[in-house]
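One-letter residues, chain by chain:
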Amino acid sequence: MVAINNSTEIRCQEKSRGGLSYEVILAEPAPNVTIPKKPVTPGKNVSAEEIEQKLKAAEERRISLEQKKMADLTYKLAKIEEATRKKDEITNEFINQTKEQLESKMEQHVEKREAIISDLKEKLKIHSQEIEKTREQLEQQKYIEKIAIEEKLKTAQTLRDENIKKMLERLKEHNTVKIAEIKNQIDQLESQKIEEKARIIENKLFTAEQNREKELQKKIEKVQKLERRAELVRQNKAAAQQPLSEDNAAPIASSG
């Protein structure tokens, strides 16, 4: 009795690195395929035993062929598994190398940022010292100018008094009314001169004070700008030191 096996089909697809793919198909011949028969010698009777032997030999050949095909398939599947394993190893190695390179770049970037921040702090310190020194110089200059103005006013007052005294001595012979008129006129003239000089000096001091305030304001704005830049660098440093998540690490590795 001949055993009838159902048709089986096993498909295996593998894509190599070169971009080629192939399929391995193991199946029984289709039912509608005509199997070539060995021509029967005319006049020769074939016994049932010979038929049974031939069928048995055919079954053994079929089983051997299937075993060979299964062995080939197993070998190819092993090659596919080996190729997949190597591919995974290469991918993991690439990921680790990329991660190490990225960490090294991040460390260098952090070191550069720290150097920039340190440099900015040093510059801010120098600017602050310069501003304080300029302020002290302005205060000292202002005090010196004030003292000089007071001395000039005192000298002018002394000269005025002396001139008045001399004129009074010369005008002793004149009557009291004339002396009073002359004194009044002299006082008015001297007062006008002193007031005019005082106004000129005040205008000069006011202009100098405005110029000093403008210069000081410019330096203060420059320091504030540097402080904002330092704060921005500090915030970027804090953001850069946060640990990378796995979702963010994947695209960075691919770009590296």
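Residues numbered from 1 in each chain as written. Predicted model: local features only at pLDDT ≥ 70, side-chain atom pairs only at ≥ 80, totals over all residues. Heavy atoms only, no water.

Caption draft 1: Seen up close, the overall build of the chain. The helix and strand tally for the chain stands at 3 helices and 2 strands. Helices and strands in the chain line up, N terminus first, as β-β-α-α-α. Each of the 256 residues in the chain was classed as buried or not, and the buried ones make up 13%. Carbon and sulfur atoms provide 54% of the accessible area of the chain, an area that totals close to 21,800 Å². (Helix = DSSP H or I, 4+ residues; strand = E, 2+ residues; numbered from the N terminus. Buried < 20%, exposed > 50% of the residue type's maximum accessible area, 1.4 Å probe, protein only. Areas by Shrake-Rupley, 256 points an atom, 1.4 Å probe, with all protein chains shown as cover.)

Caption draft 2: A look at a negative patch on the surface. Together, Glu-100, Glu-103, Glu-107 and Glu-111 make up a region of like negative charge exposed at the surface. As for its placement among the helices and strands, Glu-111 is situated in helix H1 (residues 48-170). The exposed category is assigned to Glu-111, whose relative accessible area is 54%. (Patch = residues over 30% accessible without salt bridge, like charges linked within 9 Å, V, L, I, M, F, W, Y side chains within 5 Å. Salt bridge = Lys/Arg side-chain N within 4 Å of Asp/Glu carboxyl O. Lys, Arg positive; Asp, Glu negative; His and termini not counted. Charge placed at Lys NZ, Arg CZ, Asp CG, Glu CD.)

Caption draft 3: A look at the pattern of salt bridges. Taken as a whole and judged by the stated rule, the model has 13 salt bridges. The residue Arg-199 makes a salt bridge to Glu-196 at a minimum N-O spacing of 2.4 Å. Taken together, the residues Arg-199 and Glu-196, both in helix H2 (residues 176-240) and 3 residues apart, mark about one turn of the helix. Accessibility expressed as a relative area gives 39% for Glu-196, which makes it partly exposed. The salt bridge involving Arg-234 is made with Glu-231; its shortest N-O contact spans 2.3 Å. Within this pair, Arg-234 and its partner Glu-231 are both found in helix H2, separated by 3 residues, close to a single helical turn. Here Arg-234 falls in the partly exposed class, since its relative accessible area comes to 44%. Ionic contacts of the salt-bridge type, sharing partners, join the residues Glu-59, Arg-62 and Glu-66 into one network.

Caption draft 4: Examining the side chain of Arg-160 more closely. Following the sequence through the fold, Arg-160 ends up in helix H1. By relative accessible area, Arg-160 is classed as buried at 14%. If we skip the residues at most four places from it in the chain, Arg-160 touches Asp-187, Glu-190 and Ile-194. (Contact = heavy atoms within 4.5 Å.)

Caption draft 5: Expanded view of the nonpolar core. Listed in full, the 8 residues of the largest apolar core are Ile-117, Leu-120, Leu-124, Ile-131, Val-223, Leu-226, Ala-230 and Val-233. Counting residues per element, the ones that place at least two in this core are H1 and H2. Non-local contacts of Ile-131, meaning those with residues more than four positions away in its chain, are made with Leu-216, Lys-219, Ile-220 and Val-223. (Core = buried A, V, L, I, M, F, W, Y, C linked by side-chain atoms within 4.5 Å.)

Caption draft 6: Representation of the environment of Ile-201 within the structure. You can see Ile-201 is positioned in helix H2. In the structure, Ile-201 is positioned 56 residues away from Glu-145 in sequence and 10.0 Å away in space, judged by C-alpha atoms.

Caption draft 7: Quick look at the confidence of the model for the chain. On average, residues of the chain score 77 in pLDDT, and 74% of them reach the 70 mark or higher. Looking across the chain, the model is least confident in helix H3 (residues 246-255), with a mean pLDDT of 43, and most confident in H1, with 89. Note that pLDDT drops below 50 for residues 1-10; the model gives that stretch 19 contacts with residues more than four away or on any other chain. Ignoring residues within four places in sequence, the model shows residues 245-256, a span with pLDDT below 50, making 4 contacts including any to other chains. (pLDDT = per-residue confidence, 0-100.)

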